[in-house]
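# Chain and residue survey
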Amino acid sequence: MRLKCIIFTAFVLLLVSCKEEKRCYESTDSLMMVNFLGSNGEEIDSLMVKGIDRNAVGDTLVHDTIAAEVKHLGLPLSMSYDSTGFQVFANGKAAIFYLNHSMQIKLVSEDCGFAPEFQITGVRFSALIDSIIVTDPVVNNKSSETHATSQNILIYFHLADN
């Protein structure tokens, strides 16, 4: 009788321990989706994006050398500060832009935990950039999951030689 109880208990424990663990299938990365374009239809031959004051975590975020009229990239925003700066080299010409933003932490799901949600509140940029258009000021974990042509901001470069 005692042996049957031990076998039954071991069997029940085995069944309970074989349950599938909860898994997270949603992204918790909040990347700002950016389209880089030439202001007069110029092709961007090469594009390098570096984060300003990101030396501790690696400053080069993107180095793309495939020519295209539109470069579509996901860039991270700072969780520590209310602004994020980027240095951009388009066709070998340098430009800088800053984004002001606020941030809240939002619950994604019980299994995935939390993810930052940013609200872009302002932009500043240097002379090589013609304009920056904020098309969707909300940057969250869904920003990079939408279709391939979606963006949070459009950046137009003046690439033609004067």
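Residues numbered from 1 in each chain as written. Predicted model: local features only at pLDDT ≥ 70, side-chain atom pairs only at ≥ 80, totals over all residues. Heavy atoms only, no water.

### Description of the environment of D111
Structurally, D111 is set in the loop between β6 (93–109) and β7 (113–125). When its relative accessible area of 40% is taken as the criterion, D111 is described as partly exposed. Along the primary structure D111 and R23 are separated by 88 residues, whereas in three dimensions their C-alpha atoms are 6.1 Å apart. What D111 contacts, discounting residues up to four positions off in sequence, is K22, R23 and C24. (Helix = DSSP H or I, 4+ residues; strand = E, 2+ residues; numbered from the N terminus. Buried < 20%, exposed > 50% of the residue type's maximum accessible area, 1.4 Å probe, protein only. Contact = heavy atoms within 4.5 Å.)

### Considering the state of the cysteines
All told, the structure shown has one disulfide when counted by the stated rule. The disulfide that involves C24 links it to C112, with 1.8 Å between the sulfurs. Classification of the bridge connecting C24 and C112 rests on its S-S torsion, roughly 105 degrees, and on that basis the disulfide is right-handed. With a gap of 88 residues between them, C24 in the loop between α1 (2–17) and β1 (31–38) and C112 in the loop between β6 and β7 connect regions that are remote in the sequence. Owing to a relative accessible area of 34%, C24 belongs among the partly exposed residues under this scheme. The exposure class assigned to C112 is buried, which follows from its relative accessible area of 16%. (Disulfide = S-S within 2.5 Å.)

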